[in-house]
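Each chain, letter by letter, is given below.
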Amino acid sequence: MTAQGFDGVERRGLMFVLSSPSGAGKTTLSRMLIDRMPGLKMSVSATTRAKRPGEVEGRDYFFVAKAKFEQMAKQGDLLEWATVFDNRYGTPRAPVEAALAAGQDVLFDIDWQGTQQLREKARADVVSVFILPPSAADLEKRLHTRAQDSEEVIRGRMNRATHELSHWAEYDYIVVNQNVDDAFAEVQSILKAERLKRERRTGLTEFVRGLQRQLET
Ligand SMILES: Nc1ncnc2c1ncn2[C@@H]1O[C@H](COP(=O)(O)OP(=O)(O)OP(=O)(O)O)[C@@H](O)[C@H]1O
Ligand SMILES: Nc1nc2c(ncn2[C@@H]2O[C@H](COP(=O)(O)O)[C@@H](O)[C@H]2O)c(=O)[nH]1
């Protein structure tokens, strides 16, 4: 699973995870990353929750029935899965493996349970970022302005936010999403720096040997 860095040095692909309480801005930041960072592919999850207005099958999620989800989990087709807000969510394994094998990095918008499972499977290749809202009032306002969930669903997500927040210290990086452009710049910097980490740059030895040969001649 190697990617060609922009400087031509081979490296292992990485799994870039964003988690947060619902409404803090993962989806927004993920879309910005996919639009602006070449070599990054979004992992599209399967879910048993109902489609929101404007969501597109295969772009936002694969919307599946409960029985189908259970079958996917049983067959080993999911890299990780969890129950969130009474619905099932999981990462289809094949597209992630194919993207990594093709030299791409993969972006995940998943919760702390999924992040733990990915970390158990591939610790060295997982880079995780927890997104915090600037305040509880902002979080609630964002869930309302998104205008895609009922009052009851929003209340449930706000009630669960404390629990989600309690997992912040399990993440490699913490970003406060106050201004979306600033938060994007921070997340982008993390990805750029992680792509340059020596340990995942498998082609460095060969590259440096080549430089040494040039210097000796
Ligand atoms: N920095 C910001 N300032 C103001 N509004 C924001 C900011 N970031 C995101 N939003 C808005 O907040 C709402 C929720 O954002 P988003 O859907 O990205 O959250 P999420 O973390 O993906 O939520 P979920 O976990 O429920 O999918 C959206 O309407 C989005 O446009
Ligand atoms: N463990 C996983 N969590 C996932 C996955 N896909 C999404 N999620 C998380 O679920 C909640 C709710 O999402 P929403 O779209 O209904 O608002 C959010 O925290 C997502 O990050 C997954 O495949 N695995």
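Each remark here, short or long, concerns the structure printed above.
All of the points below concern the structure found in this document.

Parameters and conventions
- Residues numbered from 1 in each chain as written.
- Chains lettered and ligands numbered in written order.
- Predicted model: local features only at pLDDT ≥ 70, side-chain atom pairs only at ≥ 80, totals over all residues.
- Heavy atoms only, no water.
- Near = heavy atom within 4 Å.
- Polar contact = N/O pair within 3.5 Å; in protein donor to acceptor, adjacent residues only side chain to side chain.
- Areas by Shrake-Rupley, 256 points an atom, 1.4 Å probe, with all protein chains shown as cover.
- 1 Å grid on protein atoms, 1.4 Å probe; cavity = no way out; pocket = protein on both sides within 12 Å on 5 of 7 lines; lining within 4 Å.
- Sits in = over half its atoms within 2 Å of the grid points.
- Helix = DSSP H or I, 4+ residues; strand = E, 2+ residues; numbered from the N terminus.
- Nonpolar A, V, L, I, M, F, W, Y, C, P; charged D, E, K, R; others polar.
- Contact = heavy atoms within 4.5 Å.

In the neighbourhood of ligand 1, 17 residues make up the surrounding shell, with Ser22, Lys26, Thr27, Thr28 and Asn177 lying closest. Measuring from a nitrogen atom of ligand 1, one finds a side-chain N or O atom of Asn177 at 2.9 Å. Here ligand 1, which alone exposes 640 Å², has 76% of that area covered by the protein. Judged by the fraction of its atoms near the pocket grid, ligand 1 is located in the largest pocket. At the level of elements, α1 (26-36) and α5 (136-146) are the ones that each hand at least two residues to the shell around ligand 1. Broken down by element, the shell around ligand 1 gets its largest block of residues, 3 residues, from α1. Residues belonging to the shell around ligand 1 are distributed by class as follows: 3 nonpolar, 9 polar and 5 charged.

This next bit is on the environment of Phe63. Relative to the elements of secondary structure, Phe63 occurs in strand β6 (residues 62-63). Those residues within four positions of Phe63 in sequence are excluded, and the remaining contacts are Thr47, Arg49, Ala50, Lys51, Glu55, Val56 and Glu57.

On to the site of ligand 2. Neighbouring ligand 2 are 17 residues, the closest being Arg49, Tyr61, Tyr89, Asp109 and Arg157. Measuring from a nitrogen atom of ligand 2, one finds a side-chain N or O atom of Glu80 at 2.7 Å. For ligand 2, the protein covers 96% of the area, taking 510 Å² as the surface of the free molecule. Put simply, the parts of the chain that give the shell around ligand 2 at least two residues each are β7 (78-84) and β8 (87-92). Partitioning the shell around ligand 2 into residue classes produces 6 nonpolar, 4 polar and 7 charged.

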